[in-house]
Structures are given as C-alpha cells and as structure tokens.
Amino acid sequence: MGPLAGVKIVELAGIGPGPMCAMLLADLGATVIRVERKVESQLGIKRPPKFNLLNRGRRQVAVDLKDPEGVAFVRALVAESDAVIEGFRPGVTERLGLGPDDLFRVNPRVVCGRMTGWGQEGPLAQSAGHDLNYIAITGALSMIGREGQPPTVPLSLVGDLGGGALYLALGICAAIIEARQSGKGQVVDAAISDGVAHLMTNFHGLLGAGIITPERGTNIIDGGAPYYDVYLCKDGRYVSIAPIEPKFFALLVKLLELPEDTMPPQNDKARWPEMRAIFAARFLEKTRDEWTELLGKTDACFAPVLTLEEAPAHPHMQARNVYFEVDGVVQPVPAPRFSRTVPDVPEPVVPAAETDPAHALEGWEVLKDLESWKEKGAL
C-alpha cells in the first residue's frame, strides 16, 4: 500500500540523509532494497540494528561491490528499478562500475539519486563534512542562537534531513514522473548545501526587505522577540510561545492576566528586554503542565516543550496515532497522510546478515536466478 506502491528502488547503503531518503520512499509504499556491504563500515553512530530506524521498511542483501559479480548483481537489480540511491563521494560509483553511465546502459529509464554534502562538483566536492559544515556555508547556522553568543549547534534536521533527504526524495519522485513521460532517466544531484540554501529562500527575502538583520537572536522568529521564545517554569521545565499576530499576542497577554496598560507595545524593540522580563517572571509562577492546562487549547500560540520520551504521550499525538512501537522501539508513523492509498506500517529493521536473500528479493526478477548468483559469489 501507499502512493508509491509499484515503484522499485535500489539503495546502495550509506549513512544519514541517504538512508533517510530511502526510508521516506519506503514509508510511502515504494519497494526499496538496501544493498549492504559485506564488511561493516566504520561510518556513522554505532547502535544495535533495531534502533537504526532510518533502515526500516526495506529488506537488505549483503554484496561485495569490489567483486565484479557483486557489481553485476546490482546492475541486474537496477535493470528492473525506477531509481537508485547512493551517497558516496563523487567518482566512487564510477570507479565501481555503478556510475550513471553504467546504469543507463542497463536501464535507460533509471533515475540516479546522488546524495552528497557539497554536490558532484565544486571546490569542496571531494572534501569530507557533516551536517554542521553544510549548514555553515549557507548562512543558516549564523542565524541560529542567542544574541551575543556563538551560533548554536542544532540537531541535524536542517542539513542532513531537511536540506538533504527530503530534497533527494522529492527530486527522485519528480524524475521518476518525468522518466515515465520521456522514457529517459537522469541524475538527481542532491547536495545538502544546495538544499539548505533553498530552505533559506524566505529569509533572504526578509533580509532584502529589511525585516530581519543578519545578527542572530535579534529578529522576530529567531528568539529575538520575547513573544517568540521559550520560558522556564516553576518546575524547571519549559514552555514555548509564538503569537506573532497582534490578535494572538493580545489573547496571550489577557490569558496571562498581565496589565495591558503597562505591557510594552508588541514590536517596540527598544522595550523587548522589559517585555521579556515580564513574561519570564509570569511563567515562573506555575508549572509547565499548569500553563498547558490554561493555554494549551487556545489561540495564544502556546505549546509545552516536551522531551523525546514525553512527546508520544501528548494527547494530540495520541489522537492522531503519530507513533507506533515495533520490537520495543517507539517511532513515528509515515508522513504525510493519504486519504486513499494509506501506507502500511513499516517493517522493522532486519540486518542483511540475518535476512534470507530469497526473502529479501521477493518481488524482484533476479530471484529466479538466485542460486546462480550464489554460485558466482555475488551473494
């Protein structure tokens, strides 16, 4: 089930944004087979396989890509695929015999999705990096943090997952649609730095209009405005408020029972420190959950700051069944939601070493030649 049912994708195992992209497509119904290394790599953050949730929803086979028979096997998979996902440095798949030109020869319609930090060309193309580096050169990192403080290191949502995985997934889907019309595949060059730069489009517009400044922590939606911030509560926990619109700001002031006649004007920057002090003092008077009871279902643009452990228990998340549990591991369900082609619950992570190749290749044409591939040493 799922809107991508019938789409077949080969994923050359990598870390971070590549697997996230493959998970997104598998979550939405695509049949994705993950080609793992026979020798474990030393990349990424190590953990027991069942907790490596970005590998969920697809079956795995172990292949030696330095063995010509292994390469031939992957090409056979590609011959019946809509797309390939790889996240190696530029030039690596070409040296393996699995570059775009090699794959187009076995399947002219295949989409080659390439995930890198810096892109397929440019001065940094061959340099190692991680999420923090990719968001640094786009200006995004410079805008995250408090005024007068160094930039704050964010979770890898902005770069690897936002500017990387999501953009590659969208690019692959777009290229598959085009290939079905033209009969020709193409390369999708998804550079994380490109994606993050694109995510910053709105902020370039705000900067150009003079609505924001390059100084982090001084603007409306970067923690500069006291009405768009987090506050400490009586119990040591935090709440968030974000009433940007005047009517929502007025409602928050009313619900907090703050005297309107002495409250600084909402957008008088000179008096923002005064406003922040008023909010800070007021939120210290109750616990986080007490404020949630008072403000949680209003238009005051309020939400409690929950931990990862607390989030699945929030009534709204429970009502929408946002989380499920497999093998004792709580994780989010696929998103977005579809009214008719509802995706199945993702399969749990099963390492290639624990997977019967016959089971992993179910639904693939290469299955009929499985014994031959085994005899050749490809599997």
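Only a predicted model underlies this, so the values are computations on that prediction, with no experimental measurement involved.

Caption draft 1: The overall build of the chain, seen in detail. Each helix and strand in the chain was counted, giving 14 helices and eleven strands. Of all 379 residues assigned to the chain, the portion counted as buried reaches 43%. Contacts spanning at least 24 positions in sequence make up 68% of the contacts within the chain whose residues lie at least 6 apart. If the 38 positive side-chain charges of the chain are averaged to one point and the 48 negative ones to another, these points end up 1 Å apart.

Caption draft 2: Representation of the packing of aromatic side chains. One pass over the full model with this rule turns up nine aromatic pairs. Each ring, one from Trp118 and one from Tyr134, has its centre 4.8 Å from the other, and the planes form 85°; the classification is edge-to-face. One end of the pair, Trp118, is in the loop between β5 (111–116) and α5 (131–136); the other, Tyr134, is in helix α5, and 16 residues separate them in sequence. Where Tyr231 meets Phe283, the ring centres are 5.4 Å apart and the plane angle is 25°; that geometry is what we call stacked. Of this pair, Tyr231 sits in strand β7 (residues 229–232) while Phe283 sits in helix α10 (residues 272–283); the two residues are 52 residues apart in sequence, bridging distant segments of the chain. Each member of the pair, Tyr231 as well as Phe283, is classed as buried. Among the aromatic residues, those joined into a cluster by ring pairs are Tyr227, Tyr231, Phe249, Trp272, Phe279, Phe283 and Trp291. Taking NZ or CZ as reference, Lys8 lies 4.3 Å from the ring centre of Trp364, over its face. If you follow Lys286 out to its NZ or CZ, it ends over the ring of Trp291, 5.7 Å from the centre.

Caption draft 3: Examining the side chain of Arg58 more closely. Inspection of the secondary structure assignment puts Arg58 in the loop between β2 (31–36) and β3 (59–62). Within the structure, the side chain of Arg58 is placed 3.2 Å from the backbone oxygen of Pro19, a separation counted as a polar contact. A polar side-chain atom of Arg58 sits 2.7 Å from the main-chain carbonyl oxygen of Leu54. Excluding its chain neighbours within four sequence positions, the residues that come into contact with Arg58 are Glu11, Pro19, Ala22, Met23, Ala26, Val32 and Arg34.

Caption draft 4: A look at empty space enclosed by the protein. All chains considered together, the criterion is met by one cavity of 30 Å³ or more. Approximately 50 Å³ is the volume attributed to the largest cavity. Together, Leu12, Val84, Glu86, Thr93, Leu98, Gly99, Pro100, Leu103, Cys112 and Arg114 line the largest cavity. Breaking the lining of the largest cavity down by element, the ones donating at least two residues are β4 (83–86), α4 (100–106) and β5. Here the lining of the largest cavity is built from residues that sort into six nonpolar, two polar and two charged.

Cut-offs and rules
Along every chain, residues carry numbers that run from 1 in the direction the sequence is written. Two thresholds apply to this predicted model, a pLDDT of at least 70 for residue-level local features and 80 or more for giving and counting side-chain atom pairs, whereas whole-chain, interface and lining totals are computed over all residues. The side-chain figures draw on all heavy atoms in the structure; neither hydrogens nor water molecules are used. Working definition: helices are DSSP H or I runs of at least four residues, strands are E runs of at least two. Numbering for both runs from the N terminus. A simple rule labels every residue: compare its accessible area, found with a 1.4 Å probe on the protein chains alone, to the largest value its type can have, and call it buried under 20%, exposed over 50%, or partly exposed in between. The contact criterion used throughout is that any non-hydrogen atoms of two residues lie within 4.5 Å. The convention is simple: Lys and Arg are positive, Asp and Glu are negative, and His and the chain ends are not counted. Charge positions are represented by NZ for Lys, CZ for Arg, CG for Asp and CD for Glu. Think of it this way: a Phe, Tyr or Trp ring, Trp meaning its six-membered ring, pairs with another when their centres are within 6.5 Å, and the plane angle makes it stacked under 30 degrees, edge-to-face over 60, tilted otherwise. Remark: a charge is flagged as sitting over a ring if the NZ atom of Lys or the CZ atom of Arg is within 6 Å of the ring centre and within 35 degrees of the ring normal. We call two N or O atoms a polar contact when they sit within 3.5 Å, provided that within protein one can donate a hydrogen and the other can accept it, with sequence-adjacent residues counted only if both atoms are side-chain atoms. Detection works on a 1 Å grid of protein atoms alone, calling trapped sets that fit a 1.4 Å probe cavities and calling open sets with protein on both sides within 12 Å along at least five of seven lines pockets, with lining residues defined by an atom within 4 Å of a point. Grid points are joined across faces, edges and corners, and a volume is the space filled by probe spheres set on the points. Gly falls in the polar group here, along with every residue not listed as nonpolar (Ala, Val, Leu, Ile, Met, Phe, Trp, Tyr, Cys, Pro) or charged (Asp, Glu, Lys, Arg).

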